2 protein chains.
Amino acid sequence: MKYPTGIKINIQNKNTEYGNRGMNLEDDINLSNQYYIDNKIAYIYKKPTPIKIIKVDYPSRSKAVIKEAYFKEPSTTDYNGLYKGHYIDFEAKETNNTSFPLANIHKHQVEHIKNIYENGGICFLVVQFNKYNKIFLLDSKDFLFFISHNSRKSIPYDFFIEHGHIIERKYLPRLDYIKIIDKLLEVQK
Amino acid sequence: MKYPTGIKINIQNKNTEYGNRGMNLEDDINLSNQYYIDNKIAYIYKKPTPIKIIKVDYPSRSKAVIKEAYFKEPSTTDYNGLYKGHYIDFEAKETNNTSFPLANIHKHQVEHIKNIYENGGICFLVVQFNKYNKIFLLDSKDFLFFISHNSRKSIPYDFFIEHGHIIERKYLPRLDYIKIIDKLLEVQK
């Protein structure tokens, strides 16, 4: 199966083996977000996949069927929501490389990240390096700094070590990234 | 054409006559949001329409075609974004009735609105009463109060007069709802 680069399709994960759950970044994030909702800590959710609809059929009065549609290049990020009234937004990616390929983040997504940064929101990337078994939160400030000061096509692992925040894997929540948001908010004050 | 209740389809507006633009709430909001972005006031955008994908074909390597999909009942709202770091979220509806039918807001959307309210976000409805040529912003606090204290199937116009905030139509931006958000933030302090 070939999907357009960087476009995630929900049905892909339908048959995820639950034993492997710990290895799948998206599942870990979804579980963490559910934990935050259940414990009234934060409300962060996944956005729908953007689709361009071309043809719709109406076989019955009650149910329209889309017969032709295409995946659109995402112009925003995967997740957004709020924590203590603050706007939160992020994109989550896994990589098997030893650096983070910037092809993972589309031009319109960079624009989106900039807009959030400029309007005082909390925005970041969550990047899982499978090779190093490490997950980092990279704040938009550092991400935007990197891309505006480099012509490189990927962000080296060392940049994450130096500027990123390690997200530990735990039992509950799986990935407690809110802890790091607390730090970012402290700096913003 | 019959769409499932409350589900908006973007392609519907493809042939909107531009002369009528002032009459279309969605166009007015989109123009206002663009004004806010261009003037670096706020960043508020429309979410993709949620779709359930059943069948995808791969006629070529580069382009996947969705051959069967359905419109999902929306579980969130139309618009979200941020203003001065604050999370903003709203649903926009027009009605030809003399009251606002609650069938316009799905059960999952009510849950979404509650979650935002409880996590300190700014959330509201924008309701245009075509009969009265008036547009109101109704804060989530007042909306949630109404539905928890009433078994009525619609919110009377008088409730909007008493608890809502009138959004004036202007040239730029078309609907300056940020002005009202300033008031809501003042009360929240």
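Residues numbered from 1 in each chain as written. Chains lettered and ligands numbered in written order. Predicted model: local features only at pLDDT ≥ 70, side-chain atom pairs only at ≥ 80, totals over all residues. Heavy atoms only, no water.

Undergrad: Help me understand helix H3 (residues 140–149) of chain A, please; the structure alone is not making it clear to me.
TA: Given 3.6 residues per turn, any residue in an α-helix points the same way as the ones three and four places further on. Regarding H3 of chain A, the residues found buried are Ser140, Asp142, Phe143, Leu144 and Phe146 of chain A. Looking at the buried residues of H3 of chain A, the elements they touch are helix H2 (107–118), strand E7 (122–129), strand E8 (134–139), strand E9 (154–156) and helix H4 (157–163) of chain A. (Buried < 20%, exposed > 50% of the residue type's maximum accessible area, 1.4 Å probe, protein only. Helix = DSSP H or I, 4+ residues; strand = E, 2+ residues; numbered from the N terminus. Contact = heavy atoms within 4.5 Å.)

Undergrad: Can you help me understand the environment of Val65 of chain B in this one?
TA: In this structure, Val65 of chain B sits in strand E3 (residues 65–71). With relative accessibility at 9%, the residue Val65 of chain B sits in the buried group. Along the primary structure Val65 of chain B and Glu26 of chain B are separated by 39 residues, whereas in three dimensions their C-alpha atoms are 28 Å apart. Excluding anything up to four places from it in sequence, Val65 of chain B contacts Glu68, Ala69 and Tyr70 of chain A together with Lys55, Val56, Asp57 and Pro59 of chain B.

Undergrad: What is the right way to look at the packing of helix H2 (residues 107–118) of chain B against helix H3 (residues 140–149) of chain B in this model?
TA: Packed helices, taken two at a time, are described by the angle between their axes plus the distance between the axes. Residue and element names in this part refer to chain B. Their axes nearest at 10 Å, the elements H2 and H3 cross at an angle of 130 degrees. Compared by their axis directions, H2 and H3 come out oblique. H3 is crossed by H2, and the crossing has left-handed handedness. Together, Val110, Ile113, Lys114 and Tyr117 of H2 and Ser140, Lys141, Phe143, Leu144 and Ile147 of H3 make up the contact between the two elements. Residues belonging to the contact of H2 with H3 are distributed by class as follows: 6 nonpolar, 1 polar and 2 charged. (Axes fitted to C-alpha atoms, helices over the stretch in contact; angles between N-to-C directions. Parallel < 35°, antiparallel > 145°, perpendicular 65-115°, else oblique. Left-handed = near helix turned anticlockwise from the far one by under 90°. Nonpolar A, V, L, I, M, F, W, Y, C, P; charged D, E, K, R; others polar.)

Undergrad: Explanation requested: the sheet that holds E3 of chain B in the structure shown.
TA: Within a sheet, adjacent strands bond to each other through the backbone by hydrogen bonds, running parallel or antiparallel. Strand order in the open sheet made by the 4 strands is E2(A)-E3(A)-E3(B)-E2(B), with antiparallel pairing throughout. Both edges of this open sheet fall to strand E2 (51–57) of chain A together with strand E2 (51–57) of chain B, since each of them pairs with a single strand only. Taken over all neighbouring pairs, the strand axes of this sheet differ in orientation by 35 degrees on average, direction set aside. In this structure, E2 of chain B lies alongside E3 of chain B, joined through 6 bridges in antiparallel fashion. (Pairing = 2+ DSSP bridges.)

Undergrad: Which parts of the structure should I look at to understand unusual backbone geometry?
TA: For residues other than glycine, phi is negative in most cases, and the peptide bonds are mostly trans. Residue and element names in this part refer to chain A. Here the bond from Leu172 into Pro173 is cis, since omega is -15 degrees, no more than 30 degrees from zero. With respect to the secondary-structure elements, Pro173 resides in the loop between strand E10 (165–166) and helix H5 (178–188). The backbone of Lys40 shows a phi angle near 50 degrees, a positive value even though the residue is not glycine. Within the secondary structure, Lys40 is located in the loop between helix H1 (25–38) and strand E1 (43–46).

Undergrad: Please explain a positive patch on the surface as it appears in this structure.
TA: A surface patch of like charges, here positive, comprises Lys55 and Lys67 of chain A together with Lys55 and Lys67 of chain B. Taking relative accessible area as the criterion, Lys67 of chain B reaches 35% and is therefore assigned partly exposed. (Patch = residues over 30% accessible without salt bridge, like charges linked within 9 Å, V, L, I, M, F, W, Y side chains within 5 Å. Areas by Shrake-Rupley, 256 points an atom, 1.4 Å probe, with all protein chains shown as cover. Salt bridge = Lys/Arg side-chain N within 4 Å of Asp/Glu carboxyl O. Lys, Arg positive; Asp, Glu negative; His and termini not counted. Charge placed at Lys NZ, Arg CZ, Asp CG, Glu CD.)

Undergrad: Any chance you could explain the relation of the copies chain A and chain B here in plain terms?
TA: Mapping one chain copy onto the other needs a rotation about an axis and a shift along that axis. Overlaying chain A on chain B yields an RMSD of 0.0 Å, the required transformation being a rotation through 180 degrees with an accompanying axial translation of 0.0 Å. Both chain copies can therefore be described as sitting about a two-fold axis. With an isologous cut-off of 70% or more, the 100% of interface residues of chain A that recur at the interface of chain B puts this contact in the isologous class. (Least-squares fit on C-alpha atoms with pLDDT ≥ 70 in both.)

Undergrad: Got a minute to help me understand the packing of aromatic side chains in this structure?
TA: Pairs of aromatic rings are described using the distance from one ring centre to the other and the angle between the two planes. Counted according to the given criterion, the structure contains 33 aromatic pairs over all chains. Relative to Tyr177 of chain B, the ring of Tyr36 of chain B has its centre 5.4 Å away and its plane inclined at 90 degrees; by these criteria the two rings are edge-to-face. One end of the pair, Tyr36 of chain B, is in helix H1 (residues 25–38); the other, Tyr177 of chain B, is in the loop between strand E10 (165–166) and helix H5 (178–188), with 141 residues separating them in the sequence. With centroids separated by 6.2 Å and ring planes inclined at 80 degrees, the aromatic side chains of Phe100 of chain B and Phe160 of chain B adopt a geometry described as edge-to-face. Taken as a pair, Phe100 of chain B in strand E6 (residues 99–101) and Phe160 of chain B in helix H4 (residues 157–163) lie far apart in primary sequence, 60 residues in all. For Phe100 of chain B, a relative accessible area of 0% translates into the label buried. Feature note: the residues Tyr35, Tyr36, Tyr79, Phe90, Phe124 and Tyr177 of chain A constitute an aromatic cluster, connected by ring pairs. Lys46 of chain A extends its terminal NZ or CZ atom over the ring of Tyr79 of chain A, reaching a point 6.0 Å from the ring centre. One residue, Lys63 of chain A, lies across the ring of Tyr70 of chain B, its end atom 5.3 Å from the ring centre. (Phe/Tyr/Trp six-rings, centres within 6.5 Å; stacked < 30°, edge-to-face > 60°. Lys NZ or Arg CZ within 6 Å of the ring centre and 35° of its normal.)

Undergrad: Looking at this structure, I do not really get the confidence of the model for chain A. What am I missing?
TA: Note: predicted coordinates in regions of low pLDDT should not be interpreted at a detailed level. All names here are of chain A. In this model, chain A carries an average pLDDT of 88, and 87% of its residues clear a pLDDT of 70 or more. This stretch, residues 1–22, has a pLDDT under 50; its non-local contacts, to residues over four places away or in other chains, come to 36 contacts. Confidence estimates for the predicted assembly give a pTM of 0.85 and an ipTM of 0.83. (pLDDT = per-residue confidence, 0-100.)

Undergrad: Got a minute to help me understand the pattern of salt bridges in this structure?
TA: When the charged atoms of two side chains lie near each other, side chains of opposite charge can form a pair. Scanning the entire structure with this criterion turns up 16 salt bridges over all chains. The salt bridge involving Arg169 of chain B is made with Asp28 of chain B; its shortest N-O contact spans 3.5 Å. Taken as a pair, Arg169 of chain B in the loop between E10 and H5 and Asp28 of chain B in helix H1 lie far apart in primary sequence, 141 residues in all. Through salt bridges that share partners, Asp28, Arg169 and Arg174 of chain A make up one connected network.

Undergrad: Help me understand the nonpolar core, please; the structure alone is not making it clear to me.
TA: Here is a general trend for soluble globular proteins: nonpolar side chains tend to be buried in one another's company. Judged by nonpolar contacts, the single largest core of 46 residues is most densely connected at Phe143 and Ile155 of chain A together with Phe143 and Ile155 of chain B. Residues within four places of Phe143 of chain B in sequence aside, it is in contact with Leu102, Ile105, Val110, Ile113, Leu125, Leu138 and Ile155 of chain B. (Core = buried A, V, L, I, M, F, W, Y, C linked by side-chain atoms within 4.5 Å.)

Undergrad: Even after reading the chapter, I still don't get the interface of chain A and chain B, so can you show me in this structure?
TA: With 47 residues of chain A in contact, the opposing surface of chain B contributes 47 residues. Summing the contributions of chain A and of chain B, the shared interface buries around 4,000 Å²; its carbon and sulfur component is 62%. On inspection of chain A and its partner chain B, the count reaches 2 salt bridges. Across the pair Lys40 of chain A and Glu118 of chain B runs a salt bridge whose closest N-O atoms are separated by 3.3 Å. (Buried area = accessible area lost by both parts, 1.4 Å probe.)

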